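# Architecture at a glance
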Amino acid sequence: MADLGTDVRYIKGIGEQKAKALAKLGIRTLQDLIAYFPRAYDDRRAVVKIKDLQDGENACTEAMVAAAPTLSRIRKGLELVKLRAVDESGTLDITFFNQAYRKNSLIPGETYIFYGKAEGNLLRKTMTNPVVEKEGQRQLTGRIVPIYPLTAGISQLTLIRAMEQGLAECRDLLADPLPDKVRTAHGLCHAGYAYEKIHFPGDEKELSDARRRLVFEELFLLAIGLKKLRRRRDGLQCQPFGDTDLTAFYQALPFSLTGAQRRAIGDIMKDFASGRPMNRLVQGDVGSGKTMVAAAAIVCAVRNGRQAALMAPTEILAEQHYQGLAPLLEKLGITCVLLTGSLTVRQRREALGQLAQGEAQVAIGTHALISEDVAYQDLGLVVTDEQHRFGVGQRSALAAKGRHPHLLVMSATPIPRTLALIIYGDLDVSVIDELPPGRQKIDTFAVTSAYHRRVWEFLRREVSSGRQAYVICSMVEENDTIPDERKAVTEYAKMLQEQVFPELKVGYVHGRMKAKEKEAVMAAFAAGTVQILVSTTVVEVGVDVPNATVMVVEDADRFGLSQLHQLRGRVGRGKEKSYCILISDNRNEETRQRLKVMTKTADGFQIAEEDLRLRGPGDFFGHRQHGLPALKVADLTCDVALLQEAREAAETLMEEDPALKQYPLTALRVAQMFEAKGDTLN
Ligand code: ADP
Ligand code: MG
C-alpha cells in the first residue's frame, strides 16, 4: 500500500520520464503532488448547442465530426487540420494549427466535446485550436478545470490525470494536521475533502470551502511556528544589563535625538533590564534615524561588558554603517571591526582574532557575520538592519553565536498594522513615527523621457551649486535573457559621462561589482569627488549621503511604490531642498496613477497601502522579503480576517498543550514548514 512519501513515478500513468519533468516542479512524492495547487480555474461546465455559441466567448459544445478532417501544409512549419462538426442546431468549422495528429485522431461519426473561443455569426461558427475530449470523459471539459503552472514535458492533461490518480491513492491516507476541535470550531472541512476540491471543485462553494480550509491550515501552522519561536525565547534568561549612562554618547552626537528615537531607546533599555533576551523590531520610515537607535543599544551592550554585532543586507550598507559608526564609537573608546565577504584572508583573520579575543567590541558586516568560523568572545547584542531581507533563520543563526544575545531588528518597510502582527509575530515593536527636524518635503515629479534634456540641465544646475545626484538605471531585458545589470549600468554611465556630463565625474555601482570597487565609488561619492552616481537599486536601502539632493529613476514604472519610496529616501537627508524625478513612458492609466501617488505623498505607510490597493497583494512583498516560510495558498495581505482567526486558534491550542503532545501531526507539519526555510524550531 502506498503512503504519502511514495515516489510519484509509481503512480499509474506517470513513469520515469514524467517523474523527471515533475521533479522540475518540485513534485517528487505523492504528498508533493497533491499539494501542487492550481494557479487558476477555468469554468468549462456549461456545454451549449452550436447555435448558442457566442462570438468571442469561451464555451464547450458537444458535436459530431461530420467528415474526415483534412490536412494541408501551407508552408514549412505551418500545417492546418480542418474539420466540420455538427449537432442538431448547426455546424461548427474547426481549425487546428500545427496539430497534424488531429487528422487521424478525430474520427468521423464520433462525438466529441470541443472547448474554445467561438467566433462568427449565426450562419457560420468557427473555433481555432479548441481543447478536444471524447464525450463522457470530463477531464478537460464539462467541469471546472484546474489550471496548473507547467513545465516542459508536462501538459495540463498529464497533471490532471496524475492528480486524479494521486488523490485516489491517498484518499484513505490523509491524516488531518488540524485538530478536530479546531476544525469544527472554525467550520472547516476535512483535509481529504479540501485536497480533492481544491483540485476538482464541483462548484464555487466547494472551491471556496476547500480554499478557506487550506488557507486556515497554513496560517494556523505559521502562527504556531512563530509562537513557538517566541515561547522558546521567553523561556530564556539572561543577565540583566545594569543602568547605563549614555550621556557621553548623546554628547558625541552632532544633533539631539528626536522624541521617537528616545522612546525607542527607552523600550530597548527596558528590555535589557528585564533579564530576558530582547527581541525587538524598530520600525521607522526611511530617514527617521534608526541607525542612532541601534548605536545607543550597541553602546549600552558594550558598557555592560558584552560585544555587539550589526548585520546589514548589502556590502555597501555595511561599509557605510562602519564608516558612520566606527568613528563615533571610537570616541567613546569602543573598537569596531568590519566583516564582509570581500576582506582579504589576512584582514579577515585579524578581524576574527580581535572578535574572539574581545579586543574589538563591535562587529559590523554582512551575513559574513554568521559564517561558521566567526566566534565572539561574548556576543550580547545582535542588530539586523532592514530585516525584511533576512530570513527568520539568519537572525537566529547570528543569535546562536552568543549566549542568548538580545536581538534588535530595524526595518523601514512600512507594513499595514494587521500584517505586522503576524509577520513580526515573534517580535515586540517600537515605531519611530517622527522625522528629525528640518527635513523638507522632497519635490517629486513624474515625467516622460521627452523631459530628459531638461532633467539633465537640472542636474547640472544642482551640481554646480555643490549638490550631488543619483540616477537609477533600469534593467532592460534583452531577448528574454536575465537582465545584465553590469552592462546596463556601465553603458548608461558611459553615455552620461561622455555625452551629457563630460565636465563632471559620473560614477557607477551595481550588484556584480567587487566590494572593493563598490566601496571606492561609494567613498568617492560620499566625499563629493563623484557628483553623479549611476546605480541599480543597490542603493535602495539605507545609503546615506546627505549632500545628494536629486534622485532620478529611469523606467520608474518598473518599480513598486514602496521601492520608489525607499529610493526617494536616499535624498532629502541633509539641509538642502531635494528632488525626485520619476521617468516613465508607460502610458497605462493605472501605472500613471501609481506614479502620481508618489508625487502626492511622502508617507511610507500611505504609500504602502496605496501600493497594496493598486498592485494587489501579489506583488506587495516582491521576492518574499518578509523572511517567513513560503506560503502556498494563503496570501498574507488578502486573508487578513482568516489570519486573525488562525492566530487566535493557534494561541488557544498552544495554551492548552504548549508542546503539542496530543497533536504530533500538527507539530510535525509546523516543523516541516519552518525547516523548508532553513529554520529549526527546536
Ligand atoms: P534610517 O532610519 O533610514 O536608517 P538614518 O539612521 O540613516 O535613517 O538617518 C538618516 C539621517 O538623519 C542620517 O544622516 C542621520 O545622521 C540623520 N539623523 C538621525 N537622527 C537625527 C536627529 N535626531 N536629528 C538630525 N539628524 C538626524
Ligand atoms: Mg537605515
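What this report covers is the structure whose coordinates are included nearby. (Residues numbered from 1 in each chain as written. Chains lettered and ligands numbered in written order. Predicted model: local features only at pLDDT ≥ 70, side-chain atom pairs only at ≥ 80, totals over all residues. Heavy atoms only, no water.)

In this section: the sheet that holds strand β22 (residues 548-553). Spatially, 6 strands are ordered β18-β23-β22-β19-β21-β20 in an open sheet, and the strand pairing comes out parallel. Only two strands of the sheet have a single partner each, and these edge strands are β18 (443-447) and β20 (506-509). Pairwise comparison of adjacent strand axes, ignoring direction, gives a mean angle of 20° for this sheet. Taken together, the 4 bridges between strand β19 (residues 468-472) and strand β21 (residues 532-535) define a ladder with parallel strand orientation. Across the sheet, the residue bridging to A469 is I532, located in β21. Against the sheet, helix α18 (residues 561-568) touches β18, β19, β22 and β23 (579-583), its axis set at about 150° to β22. (Pairing = 2+ DSSP bridges. Helix = DSSP H or I, 4+ residues; strand = E, 2+ residues; numbered from the N terminus. Axes fitted to C-alpha atoms, helices over the stretch in contact; angles between N-to-C directions. Contact = heavy atoms within 4.5 Å.)

Let us now look at the pattern of salt bridges. Under the counting rule described, the total for this entry stands at 32 salt bridges. Notably, a salt bridge pairs E88 with K49, separated by 3.2 Å at the nearest N-O pair. Taken together, the residues E88 in the loop between β5 (78-87) and β6 (90-97) and K49 in the loop between β2 (47-48) and β3 (58-65) connect sequence positions 39 residues apart. Its relative accessible area of 66% is what places E88 among the exposed residues. A salt bridge links D271 to R280, with the nearest nitrogen and oxygen atoms 2.6 Å apart. Comparing D271 with R280, the two get one shared label, buried. What you see here is one network of salt bridges that share partners, running through D176, D180, R183, R213 and E217. (Salt bridge = Lys/Arg side-chain N within 4 Å of Asp/Glu carboxyl O. Buried < 20%, exposed > 50% of the residue type's maximum accessible area, 1.4 Å probe, protein only.)

What follows covers the environment of C336. Mapped onto the secondary structure, C336 falls in strand β13 (residues 336-339). On the basis of relative accessibility, which here comes to 7%, the residue C336 falls in the buried class. If sequence neighbours within four positions are ignored, C336 has contacts with Y322, A326, L329, E330, V362 and I364.

On to helix α16 (residues 485-500). Its 16 residues place the ends of α16 21 Å apart at the C-alpha level, agreeing with the 22 Å of an ideal helix rising 1.5 Å per residue. Residues of α16 that are buried include every one of E485, A488, V489, Y492, A493, L496, Q497 and V500, and no others. The buried residues of α16 all sit within an arc of 145° when viewed along its axis, so they share a single face. When the buried face of α16 is taken as reference, the exposed residues oriented beyond 90 degrees from it are K494 and Q499. Residues of α16 that are buried in the fold lie against α15 (452-464), β19, β20 and β21. (Expected span 1.5 Å × (residues − 1). Arc of directions from axis to C-beta.)

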